[in-house]
There are 2 protein chains.
Amino acid sequence: MDNENFDSDLRVTIQRLARRLRSEKADDRISDTQFSVLCVLAREGAMGLGDLSAHERVTPPSMNRTVNALVEAGYASRSGSPDDGRKIVLDVTEGGHTVIAETRRRRDAWFSLRLADLAPEQRATLAAAAPILKELAEL
Amino acid sequence: MDNENFDSDLRVTIQRLARRLRSEKADDRISDTQFSVLCVLAREGAMGLGDLSAHERVTPPSMNRTVNALVEAGYASRSGSPDDGRKIVLDVTEGGHTVIAETRRRRDAWFSLRLADLAPEQRATLAAAAPILKELAEL
DNA sequence: TATTGTTATACTCTATAACTATA
DNA sequence: TATAGTTATAGAGTATAACAATA
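What this report covers is the structure whose coordinates are included nearby. (Residues numbered from 1 in each chain as written. Chains lettered and ligands numbered in written order. Predicted model: local features only at pLDDT ≥ 70, side-chain atom pairs only at ≥ 80, totals over all residues. Heavy atoms only, no water.)

Where a protein is soluble and globular, its nonpolar side chains tend to be buried together. Grouped together as the largest cluster of nonpolar side chains are 34 residues, with contacts concentrated most on I14(A), L126(A), I14(B) and L126(B). Secondary structure elements with two or more residues in this core: α1 (3-22), α5 (94-116) and α6 (120-137) of chain A together with α1 (3-22), α5 (94-116) and α6 (120-137) of chain B. If near-sequence neighbours (up to four positions away) are discounted, L126(B) is found in contact with F6(A), L10(A), A129(A), I132(A), L133(A), L136(A), L115(B) and L118(B). (Core = buried A, V, L, I, M, F, W, Y, C linked by side-chain atoms within 4.5 Å. Buried < 20%, exposed > 50% of the residue type's maximum accessible area, 1.4 Å probe, protein only. Helix = DSSP H or I, 4+ residues; strand = E, 2+ residues; numbered from the N terminus. Contact = heavy atoms within 4.5 Å.)

This brings us to the relation of the copies chain A and chain B. Turning chain A through 180 degrees and shifting it by 0.0 Å along the axis lays it on chain B, with an RMSD of 0.2 Å. Seen this way, the second copy is the image of the first under a two-fold rotation axis. Taken together, the interface assignments show that 100% of the residues at the interface of chain A recur at the interface of chain B, consistent with an identical surface on both copies. (Least-squares fit on C-alpha atoms with pLDDT ≥ 70 in both.)

Our focus in this paragraph is the protein's contact with DNA strand D. Every one of the 23 residues lining DNA strand D counts as a neighbour, but S31(A), R86(A), G50(B), N64(B) and R78(B) are closest to it. Each atom of DNA strand D within 4 Å of the protein belongs either to a base or to sugar and phosphate, the latter forming 65%. Contact between DNA strand D and Q34(A): a phosphate oxygen at 3.3 Å from a side-chain N or O atom of the residue. Residue I88(B) places a main-chain N or O atom 3.2 Å away from a phosphate oxygen belonging to DNA strand D. (Near = heavy atom within 4 Å. Polar contact = N/O pair within 3.5 Å; in protein donor to acceptor, adjacent residues only side chain to side chain.)

The following block contains the structure:
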């Protein structure tokens, strides 16, 4: 297979696997996007709307809607910045941290079961590929 | 790192990379979902709505909307089944095949550029991981 | 004037429920 | 009665354009 087809196949595979993973969320309390944003706040710490939308490569109005849902659900907090009246500070609430832990556990279930069925050398191959994929995702 | 965290990290990485890929589509004529469905028809051959929605793990009404968009755009055809009046037959049109080729080329551009920057051994690792990921996506 | 966030509006994808037509 | 497809309706995520408040 030439490079071009390999690239295309890998791209499609990644998108299909992500789609498959999304379909296994098994949690009605929070959407995939909301969960992803909540995890960013938990990992990177409190930040403003602009930072968050840039981080997720989404427009500010779009992120605003997601943040509204999280705040209304009690999983994130929105407060005014003390030093700049235009800015806001978004952060994860205690309830948000709880839901992260629980949601993550549920979402990992399907994937872990499938990975456990792989041969040891297949797992090793994925372990080697993981940091490369991570790098690609962060470009 | 224990298995549990590895699984979770890989899952998140795949979802983030898919998200990154989606943001690079650079094509206004067709959506990501529409393109994916069109590719299924091109790869698997003509099929009915139920088959298609089951294949993509989406409800029939949802798939119906996507199919409508493709038919209205002239990229897919909907015709009655000759042997069963309830069934329909969905297929790719000539225009659909053209748009598949062009869209695929555009969407691969970003990914190919990034893959080209990898070291040869990194590409080899991804090549080894690709069929495993593909298998996981098809479970 | 520039930046930060928000509201208004619209389009796509998703789902469930209810419906039609055919087997 | 069961199956294949469709329509009606609603919710979430995305975008652009226009706006308010603050620097």
